[in-house]
Amino acid sequence: MRSWTVLGAVSLCLLSASDVLAVKTHDFKTCSQSGFCRRGRALASRAQAAANQWKSPYSVDASSVSIASDQAKFTAGVKSSLYPDVKFSLELRVHEDGVVRVRMDEVGGLHKRYDEAASWALIQEPTIHKKVKWTASKKDVRASFGANKEFDIIVAYQPLQVTLLRNGKEQVVLNGKGLLHMEHFRSKAVVMTETEEGEPKPEAAAEDAQQVLAKPEDPKAWFEGETEDGLWEETFGSFTDSKPKGPESLSIDINFPNHGVVYGIPQHATRLALPTTSGENPFFSDPYRLYNADVFEYIASSTMSLYGSIPLLHAHSVDSTVGVFHAVGSETWIDVAHPTEKSTETHWISESGIMDVFLLPGPTPEDVFRQYSRLTGAAVLPAYFSLGYHQCRWNYVSTDDVRTVQKRFDEEDMPVDVFWLDIEYSEDHKYMIWEKKNFPDPVDMINDVAALGRKMVVIVDPHVKRTQDYPVYKEASELEVLVKPKGGSGEYEGWCWSGSSSWIDFFNPTSWDWWISLFKPHKLDNGRWSWIDSTEAVHIWNDMNEPSVFNGPEITMPKDNIHYGGWEHRDVHNINGMLYSNLTSQAVAARSDPPKRPFVLTRAFYAGSQRFGAMWTGDNLGTWEHMAVGIKMVLSNGIAGMTFSGSDVGGFFGNPEPEMLVRWYQVGVFAPFFRAHAHLDTKRREPYLLDEPYKGIVRDILRLRYSMLPIWYTLFRETSVTGIPVLRPQYVVFPKDPNGFDIDDQYYIGTSLLVKPVTSKGATEATVYLGEDQVYYDYFTYKAYRGSSKGKNITVSAELYQVPLFIRGGSILPTRERARRSSSSMKHDPFTLKIALDQQSSSARGELYLDDGESYDHQKGEFVWREFRAEKPNKKTLRITSKDLAAEKPGVAVEGVALAKFDPSNAYAKSLEKENVRVERLVVLGVPGLPKSVKVEGSSEELVWEYIQGVAAGESKKEGYTSILKIKDPKVLVTKDWAITVQL
Ligand code: NOJ
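Computed from a prediction, not measured in an experiment: that's the story for all the values here.

Caption draft 1: Spatial organisation of the pattern of salt bridges. What the rule picks out here adds up to 74 salt bridges. Between Arg289 and Glu331 there is a salt bridge; the shortest N-O distance is 2.9 Å. Taken together, the positions of Arg289 in strand β17 (residues 288-290) and Glu331 in the loop between β19 (321-326) and β20 (332-337) put the pair 42 residues apart, joining distant regions of the chain. Assigned by exposure class, Arg289 and Glu331 land together as buried. One salt bridge connects Arg918 with Asp969, and the closest N-O pair in it is separated by 3.1 Å. Linking Arg918 in strand β50 (residues 918-925) with Asp969 in strand β54 (residues 964-973), this pair joins segments that are 51 residues apart in sequence.

Here is the structure:
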């Protein structure tokens, strides 16, 4: 049994901090314990020591350069002077949107390198630019592109170096430091000895012994080291990796000579602006590791691997943002250094696979998000309910327990959308099979929850209990879709919650339709098993999909296991978990006809996982430190596409005191995915169990979430089209303000709300950075604060019941303020518009996107997309308007819908009209004076309004309570164009 299942919260308290740290690290490799990482880093050290004598042995064979005549693409042969007989191919393409793809592979080697990572990550084969032309000279091949030809891409031959420039300034340089090295496949040299009879035999010890590779003066040694280090076999703890193909790692330096900050490569528990891996902090002496792993009780500040891996890095400066995405699925380590304040060097070392690097030219953060989402897809537009509050624990122990929890939420008037079941609902951890004693009436339970408009999420883990009485195992075994052990025959067996288990190989297409059919809540015609005691109200939680294997090396699958196509697990490890949530989300959608939007939560993820649902940051601890780092991790995931993310509210391990729990809810409420969860050994901590005043504070927080659902959903529409994350770090909103580059404890929700959650005990105040000369209104008190064009810190009150949340001047936010039990009961509720006038022109703008929140009809144009504006056409008038944005704006409103085809009076819009869904209140902040009259245009009737005298938006020197105009029930429909005129 794993240590953390027995190490409950109580025993944790008995451990000192250093003991706790020791618990977490010893199961996982450091770079020095991983042969290829050690080799890669040694290469970097030798290069550094040799300084300017160091020269990359890789060069382009100029005579082999072949340029496609009709496309921005060229291929060439590459050689290493160390191994003149080994051939490599290089291919460069410029995509339509300016992304440059650089691929390098070994040609005609002993084996084929894994080259399919991009095919899993990418949504489609990108279109190559038709107009960009490469020109080849004796020393390089180059092309210019961009609207004003501001970008140049240059591939130098000798040594091979790829440079992307913008306006003549270097943006990204590959192999500038000469660390490129693709270990070619080779035969193992066998040292022979003699038997006693004088017969030749392989020397037994030779397998382990470090064989001499080359003499020190040999350039090979200079480049590869003097001994063979972990090339053919590697042992870690009691595990031996047989490495049947020998060494095949890939090292490449990717440098940003003009960018001093880097972000991304999640998931790591660390700051958003990635600290260097230079060694001054013991937990940052190792490179950032990308190797999906079940790291229990992870360290709150470290470069260690966690559950997911996205090899995407942003490099940022006041001039530009650029991105690098390396489509590699094997274990990867990344060193980060800043040779100067304004430059960054990174070194990527991967265990296997081809080099498949995408250079995303930016030049703004938004451009990089768009470029990345054109490659790997944008986050899916979620089912509306999934943006509500989720109540989880390990475990709700019976169907009656679930009913009672639901009842208690309703009794306490606390809104909630989803109740979750962890692994104990299942018989012997055979997922989808109900444990009959405590869950005798599962469908009735689900229906009882659904009757109040709520959903359930039930866990289905990827380990399959190896027993013939489990239909999932039996059928998987018959179909031969289970992962194979080394050697490639039979079924791999490992240990997980269900005891002896096997894992479905989702790389095998035969598994796909079968897996999808398992989730059908009705009998199948083909006689196979399906989950008939389930309903469409059940959505799915995919946990342990790194995959977690309790008795495997580093708590995962051996790297020499075999997947479909004969690929080793080593090649696909980081991609593996994504296929699981991909197939599960297809399965959940396909239960209904027509399909409904699935909700699937995944723990493991890879580039592209955003297309399949949400993720959470795994088993955090109930500490202030973990609360704080969770925010940074969610921001980091967001910039790498996984914007639908959150952390366990309350902390998975431990029993948070009420103050901490309240603060944790204040963190969770501002995360895209908002779920409370707790370990089996923790005390019950559903929010209704709190005493006052804590209970009341949490009730208000939950209600705040529900009132803000239209804001979240509207932002998800945007992200689902543009890839721009829902949560935006300071550098994304203010890319030219260097004061904000390191800020990761406050962030914007979209561009209109600024939040600074409090993550320290006993806090009564918070400092918030305002990076512009603008008015910011306290969301709750409407007090006005002023920023400055040079940036300014303000101090605000942050007592336990307060969370610093500000509306940025110039924004209009649609909310629904009626307290309800769940999101489904709000679907016809009226709206409040919070109109925060800006400092410069007393104007504001905002959007509202709505659809049925569950079907795919929005892709057929069934939605409402409005733009609200407040403007001052003259000194005496403030005009507030609503207009149909879809009909106005060229482009795409939701995935797949070209606006040309949009019909503003679509059936969904009509249904809202029928229900009289209207704007029932407008709250205008910063109004410049007492109005004389307020009317809906076209009507002579004076509306009911109230004015509270205070600071006006335009009074740029003044802070304090702002002037507020509250307009009551103007009876304007949310689906219609209208204007309200305020005469000043
Ligand atoms: C590990 C997950 O991270 C945790 O959230 C879950 O409760 C346990 N597995 C049990 O399923």
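Caption draft 2: Spotlight on the packing of aromatic side chains. Under the definition given, this model contains 49 aromatic pairs. Between Trp54 and Trp222 the ring centres are 5.0 Å apart and the planes differ by 45°, which places this aromatic pair in the tilted class. On the criterion of sequence distance, the pair formed by Trp54 in the loop between α4 (35-50) and β1 (58-67) and Trp222 in helix α6 (residues 219-224) is long-range, its members being 168 residues apart. Classification of Trp54 as buried rests on a relative accessible area of 10%. Assessed through its relative accessible area of 33%, Trp222 is described here as partly exposed. Centre to centre, the rings of Trp420 and Phe599 are 6.1 Å apart; their planes meet at 80°, and the pair counts as edge-to-face. With a gap of 179 residues between them, Trp420 in strand β24 (residues 418-421) and Phe599 in the loop between α12 (569-589) and β32 (600-602) connect regions that are remote in the sequence. For Phe599, a relative accessible area of 2% puts it in the buried group. A network of ring pairs unites the aromatic residues Tyr425, Trp434, Phe439, Phe506, Trp514, Trp515, Phe519, Trp531 and Tyr580 as a single cluster. Over the ring of Trp420 we find Arg675; its NZ or CZ atom is 4.7 Å from the centre of that ring.

Caption draft 3: View of the site of the ligand. Around the ligand, a shell composed of 14 residues is seen, among which Asp422, Asp543, Arg603, Asp619 and His677 lie nearest. In the model, an oxygen atom of the ligand is placed 2.5 Å from a nitrogen or oxygen of the Asp422 side chain. In this structure, Asp543 approaches the ligand through a side-chain N or O atom, which is 2.7 Å from a nitrogen atom. Alone, the ligand offers 300 Å² of accessible surface; in the complex the protein occludes 100% of this. Broken down by class, the residue content of the shell around the ligand amounts to nine nonpolar, one polar and four charged.

Caption draft 4: Molecular detail of the sheet that holds strand β36 (residues 674-676). Read across the sheet, nine strands follow the order β34-β33-β32-β31-β27-β24-β23-β36-β35 without closing on themselves; strand pairing throughout is parallel. Edge positions in the sheet fall to β34 (645-646) and β35 (648-649), since each has one partner strand and no second. Both β32 and strand β33 (residues 614-616) contribute to a ladder of two bridges, which runs parallel. Bridge pairing links Thr602 to Met615 in β33. Along the sheet, helix α8 (residues 399-411) makes contact with β23 (389-391), β24 and β27 (455-459), crossing β24 at roughly 155°. Helix α9 (residues 442-451) contacts β24, β27 and β31 (538-542) of the sheet and is inclined by roughly 140° relative to β27.

Caption draft 5: Quick peek at the sheet that holds strand β39 (residues 753-755). What the seven strands build is an open sheet, ordered β37-β38-β39-β44-β41-β42-β53; its pairing is antiparallel. The open sheet has two edge strands with one neighbour each: β37 (727-729) and β53 (960-961). Two strands pair when backbone bridges link them, and strand β38 (residues 747-749) and β39 are joined in this way by three bridges, in the antiparallel orientation. In the sheet register, Tyr748 faces β39, and the bridge partner there is Leu754. Sheet contacts for helix α13 (residues 624-639): β37 and β38; angle to β37, the most-contacted strand, approximately 100°. With respect to the sheet, helix α16 (residues 709-722) is in contact with β37, β38 and β39, its orientation differing from that of β37 by roughly 75°.

Caption draft 6: Here's a closer look at the packing of α13 against helix α14 (residues 658-668). Close contact between α13 and α14 brings their axes to 11 Å; oriented N to C, the two are set at 0°. One finds that α13 runs roughly parallel with respect to α14. Contacts from Trp624, His626, Met627 and Ile631 in α13 reach Glu659, Met660, Arg663, Trp664 and Val667 in α14. For the contact of α13 with α14, the per-class residue count stands at six nonpolar, one polar and two charged.

Caption draft 7: Here's a closer look at the side chain of Lys834. As for its placement among the helices and strands, Lys834 is situated in strand β46 (residues 831-836). Residue Lys834 is classed as buried on the basis of its relative accessible area of 6%. A polar atom in the side chain of Lys834 sits 3.1 Å from the side chain of Glu817. Every residue in contact with Lys834, bar those within four places of it in the chain, is listed here: Tyr779, Tyr782, Ile807, Ser811, Ile812, Leu813, Thr815, Glu817 and Val923.

Caption draft 8: Region of the structure containing helix α7 (residues 365-376). Over its 12 residues, α7 extends 16 Å from the first C-alpha to the last, a length consistent with the 16 Å expected when each residue adds 1.5 Å. A positive phi of about 95° marks Gly377, the residue just after α7.

Caption draft 9: Main features of the environment of Val669. For Val669, the location among the structural elements is in the loop between α14 and β36. Take Val669: its relative accessible area is 2%, and that puts it in the buried class. Here the alpha-carbon distance between Val669 and Lys177, two residues 492 residues apart in the chain, equals 45 Å. Excluding its chain neighbours within four sequence positions, the residues that come into contact with Val669 are Phe674, Ile701, Arg705 and Trp712.

Caption draft 10: The environment of Ser530, seen in detail. Positionally, Ser530 belongs in the loop between α11 (510-518) and β31. Counting along the chain gives 358 residues from Ser530 to Val172, while the straight-line C-alpha distance between them is 51 Å. A polar contact is formed between the side chain of Ser530 and the backbone oxygen of His522, at a distance of 2.6 Å.

About the thresholds
- Residues numbered from 1 in each chain as written.
- Predicted model: local features only at pLDDT ≥ 70, side-chain atom pairs only at ≥ 80, totals over all residues.
- Heavy atoms only, no water.
- Salt bridge = Lys/Arg side-chain N within 4 Å of Asp/Glu carboxyl O.
- Helix = DSSP H or I, 4+ residues; strand = E, 2+ residues; numbered from the N terminus.
- Buried < 20%, exposed > 50% of the residue type's maximum accessible area, 1.4 Å probe, protein only.
- Phe/Tyr/Trp six-rings, centres within 6.5 Å; stacked < 30°, edge-to-face > 60°.
- Lys NZ or Arg CZ within 6 Å of the ring centre and 35° of its normal.
- Near = heavy atom within 4 Å.
- Polar contact = N/O pair within 3.5 Å; in protein donor to acceptor, adjacent residues only side chain to side chain.
- Areas by Shrake-Rupley, 256 points an atom, 1.4 Å probe, with all protein chains shown as cover.
- Nonpolar A, V, L, I, M, F, W, Y, C, P; charged D, E, K, R; others polar.
- Pairing = 2+ DSSP bridges.
- Contact = heavy atoms within 4.5 Å.
- Axes fitted to C-alpha atoms, helices over the stretch in contact; angles between N-to-C directions.
- Parallel < 35°, antiparallel > 145°, perpendicular 65-115°, else oblique.
- Expected span 1.5 Å × (residues − 1).

Scope: geometric values only; no functional claims are made or implied.
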